[in-house]
Amino acid sequence: MALAAIELDLDVFSGPFDLLLTLVLREEVDLLELPLADVVLAYLDHLEGRGELDLEAATEFVVLVAALLELKSRLMLAGDGDEELAELEPIEAAEELLARMLDARRYRSAAAHLAQLLAREDGVRFREAPLPLALRRTVIPPADGSADAAQLGAAIGRLLTPPPEISLEHVAVRIVPVAERLAHLRELLRRGSFSFEEAVAGADRMTVAVTLFALLELYKRGEVDWTQAESFGDISITAPASAGRSPMGASAHTRAEGAAG
Amino acid sequence: MSGALNGAARAPAETADARALARVVEALLFLSTDPLTTAELAEATESSVQDVRDALATLAERYAPGVSGVRLRELAGGFTFASDPESEPAARRLFSRTRLQTLTPAQAETLAIVGYLQPVSRPEIARIRGVSADSATATLLDRDLIEEAGHSQFGAMLYRTTTRFLKLFGLQSLDDLPDLAQWDPAPEEEAQLRERLLAAGEARAASG
Amino acid sequence: MSGALNGAARAPAETADARALARVVEALLFLSTDPLTTAELAEATESSVQDVRDALATLAERYAPGVSGVRLRELAGGFTFASDPESEPAARRLFSRTRLQTLTPAQAETLAIVGYLQPVSRPEIARIRGVSADSATATLLDRDLIEEAGHSQFGAMLYRTTTRFLKLFGLQSLDDLPDLAQWDPAPEEEAQLRERLLAAGEARAASG
């Protein structure tokens, strides 16, 4: 028996299971919108209906669903940048992932909006008849010599240009080393107390995030004390009142320093 | 019925010249596949833009819902005639050629990205979607909803939306697309997401 | 059949159903490229031929000369809308002007590839451009800027430029095509232009 016999009736798709696979591979059904749990439930229903277990078909099903699951989780993790993400500090990776998720979400919502617009225009057609012959005959061809051959040369020049090493440039997050931020905070601390705002004046989002991470690190090591009067308020940072405050533990140190380097 | 038409004759169409202009504008809109701007109509009819506007107002009454099976629509920066949806069942029976089918989610998403970011390259679309956009892009090109728009500085082909896109989606211009920020999560939700991601990232770093 | 267009049939259009049918027939005639017979219209609208005739009579009044710039005409066994001849001068101004198009980037690129490499096959053009060249090739053929030049050894159609191409660009012969040195990023390379274009195209395709 074939898995094709399993009929699915889901929001995004209804039809036989093997067609679903084809459509997923051709990107005509969005895997991200496909509830795999429902697919599994439909399969279990199917099994129950038959009253017997075809071991071969069951194995095939498990393999296929596992492959779909893996594919789907990769999609959800925004695929192509995984190696890059792995090299980022956790906080950087989190920011990058967040930015990507928000972006994906914006365009997914925009896509839903477009689908609504299209649905609103359902049943509207336009005339697409060619012009009557009498009018078509009046087409005026551009005059001889009116085109510039230089545009042909320019087009070839563009086509001869090899692509740059693939352009992750516009994707890549600027790397802000924690060590540099640690040094910056220590330098400020030597001059007495300061506020977090001062420490990150004019800095970009990534630097702000890494500075906060560095600040946490200094706090763990007992090098600073900080207070924040209210949520989202400025943070004031001072040298610790008692120098005897013990650090959080050697293992945390080692890991953070390893990451910072 | 002719009664509706006579009743529609307001001030602008009262002179014989104004009525003649409305007829010519009507014929041009009928002939043209693309929406025509008031400037194009004025130039073709050798009239003022104001006279063209008056003619369009006359036609809007002549082609009002319930009066005519054809509607005068303002789309893609110009004016065009379109069928009234009430005739769709009959149109479906008569014409084998179907109108634009609905878009798959992948196509809608790709179209949204091109709509908002144009001109935009395929690698960039793929980056935002997290998956390749090749087949969706090809289909959208095929359906004349997007078109090529030169090359990026890195040599990748750039894409933009077409006039047909605006027409089929009932838009006057790209400015009719709502601000993307309206789909941003609330600040609390964003903060929550950030925390969860950070926690996951730290767990991964600790285990790795 | 005779008399379908003379305005004798006022009474039927007085009912709401008859008016609705007239609107749908109007929309179908508007959308159709070819004349439609009363039988076709009756089938599409699921009405009787007599009701369709009455609807056509109503439309004949609505689209009478001097009333509308579009005419309802009975041709070769069917009905069709056509623009009124009074609009022809304006239509000529409008459509002959918009026909004077410059080359789109895709067309310029395809034309440049044919110009410099001729004879060249469509698959080769697509490989160099990294995207399909079908629609650009069709337009260039249509405008008589390129023409077919036999088949390659693998059976693909080959293209070359035409005399019209030389005239349009004001060239005496293909030798007058601009020297590429000023646009060539690596003029010192020994390889043939064709090989280098294919290599760059494939690199672009690989990079997305």
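The structure displayed is predicted, hence computed values, not measured ones.

If you tally the helices and strands in chain B, you get 10 helices and five strands. Of all 208 residues assigned to chain B, the portion counted as buried reaches 51%. In chain B, once contacts between residues fewer than 6 apart in sequence are set aside, the share between residues at least 24 apart is 47%. When the accessible surface of chain B is split by element, carbon and sulfur atoms take 49% of a total near 9300 Å².

Residues and elements named next belong to chain B. Model confidence for chain B is summarised by a mean pLDDT of 84, while 87% of its residues fall at 70 or above. Counting interchain partners and residues more than four positions distant, the pLDDT-below-50 stretch residues 1-10 has 11 contacts. Of the two predicted TM-score estimates for the complex, the pTM is 0.56 and the ipTM is 0.66.

Right, let's get into the side chain of Thr 162 of chain B. All names here are of chain B. Take Thr 162: it is sitting in the loop between strand E5 (157-161) and helix H9 (163-168). One polar contact links the side chain of Thr 162 to the main-chain amide nitrogen of Phe 165, over a distance of 3.1 Å. When sequence neighbours within four positions are dropped, the list of residues in contact with Thr 162 reads Asp 144, Leu 145, Ile 146 and Glu 147.

A few words on the sheet that holds strand E4 (residues 225-228) of chain A. All names here are of chain A. Ordered in space as E3-E5-E4, the three strands form an open sheet in which the pairing is antiparallel. Since the sheet does not close on itself, it has two edges, and those belong to strand E3 (194-195) and E4, each with one partner. With two bridges joining them, E3 and strand E5 (residues 235-238) adopt antiparallel strand pairing. Residue pairing in the sheet places Ser 195 in a bridge with Ser 236 of E5.

Before going further, it helps to examine the interface of chain A and chain C. Across the boundary between the two partners, chain A contributes 35 residues, which contact 41 residues of chain C. Here chain A packs against chain C, burying approximately 3400 Å² in sum over the two surfaces, 72% of which is carbon and sulfur. Contact with chain C buries surface across chain A, with Leu 152, Leu 159 and Leu 160 of chain A losing the most and accounting together for 22% of the total. Run the count over chain A and chain C and you get one salt bridge. Where chain A touches chain C, the interface holds three residue pairs in polar contact (both at pLDDT 80 or more). If you tally residues by element for the side of chain A that touches chain C, the top one is helix H7 (residues 150-160) of chain A, at 11 residues.

In this structure, Leu 28 and Leu 29 of chain B together with Leu 28, Leu 29 and Leu 72 of chain C are the most contacted members of the largest nonpolar core, which totals 52 residues. Leaving out residues up to four positions away in the same chain, Leu 29 of chain B has contacts with Leu 36, Leu 41, Leu 56, Leu 59, Leu 72, Phe 79, Thr 80 and Phe 81 of chain B. Leu 117 of chain A together with Met 157, Tyr 159 and Leu 166 of chain B belong to the second largest nonpolar core, which has 35 residues in total.

Residues and elements named next belong to chain A. Within the fold, Ala 66 resides in helix H3 (residues 55-76). Taking relative accessible area as the criterion, Ala 66 reaches 40% and is therefore assigned partly exposed. Through-space distance from the C-alpha of Ala 66 to that of Leu 36 is 9.8 Å; in sequence the pair is 30 residues apart.

What follows deals with the interface of chain A and chain B. If you look at the interface, chain A gives 52 residues, while chain B gives 64 residues. In total, about 5500 Å² of surface goes out of reach between chain A and chain B, with carbon and sulfur atoms giving 62% of it. Looking only at chain A, the three residues that lose the most surface to chain B are Tyr 107, Arg 125 and Phe 126 of chain A, adding up to 16% of its buried area. Our enumeration of links across chain A and chain B arrives at six salt bridges. Counting the contacts that link chain A with chain B gives eight residue pairs in polar contact (both at pLDDT 80 or more). Elements with a minimum of two residues in the side of chain A that touches chain B: helix H4 (82-87) and helix H5 (90-120) of chain A. Looking at the side of chain A that touches chain B element by element, the count peaks at 23 residues for H5 of chain A. A class-by-class count of the residues in the side of chain A that touches chain B yields 28 nonpolar, six polar and 18 charged.

Per the stated rule, a full pass over the model turns up three cavities of 30 Å³ or more. Its boundaries defined by the atoms lining it, the largest cavity holds a volume of some 50 Å³. Considering the residues around the largest cavity, the lining is formed by Phe 30, Tyr 63, Val 70 and Phe 81 of chain B together with Phe 30, Tyr 63, Val 70 and Phe 81 of chain C. Its boundaries defined by the atoms lining it, the second largest cavity holds a volume of some 40 Å³. Sorting the residues of the lining of the second largest cavity by element identifies helix H2 (16-31) and strand E2 (78-83) of chain B as the ones contributing at least two each. Of the residues in the lining of the second largest cavity, the class split is five nonpolar, three polar and two charged.

Definitions and cut-offs
- Residues numbered from 1 in each chain as written.
- Chains lettered and ligands numbered in written order.
- Predicted model: local features only at pLDDT ≥ 70, side-chain atom pairs only at ≥ 80, totals over all residues.
- Heavy atoms only, no water.
- Helix = DSSP H or I, 4+ residues; strand = E, 2+ residues; numbered from the N terminus.
- Buried < 20%, exposed > 50% of the residue type's maximum accessible area, 1.4 Å probe, protein only.
- Contact = heavy atoms within 4.5 Å.
- Areas by Shrake-Rupley, 256 points an atom, 1.4 Å probe, with all protein chains shown as cover.
- pLDDT = per-residue confidence, 0-100.
- Polar contact = N/O pair within 3.5 Å; in protein donor to acceptor, adjacent residues only side chain to side chain.
- Pairing = 2+ DSSP bridges.
- Buried area = accessible area lost by both parts, 1.4 Å probe.
- Salt bridge = Lys/Arg side-chain N within 4 Å of Asp/Glu carboxyl O.
- Core = buried A, V, L, I, M, F, W, Y, C linked by side-chain atoms within 4.5 Å.
- Nonpolar A, V, L, I, M, F, W, Y, C, P; charged D, E, K, R; others polar.
- 1 Å grid on protein atoms, 1.4 Å probe; cavity = no way out; pocket = protein on both sides within 12 Å on 5 of 7 lines; lining within 4 Å.
- Points joined across faces, edges and corners; volume = space filled by probe spheres on them.

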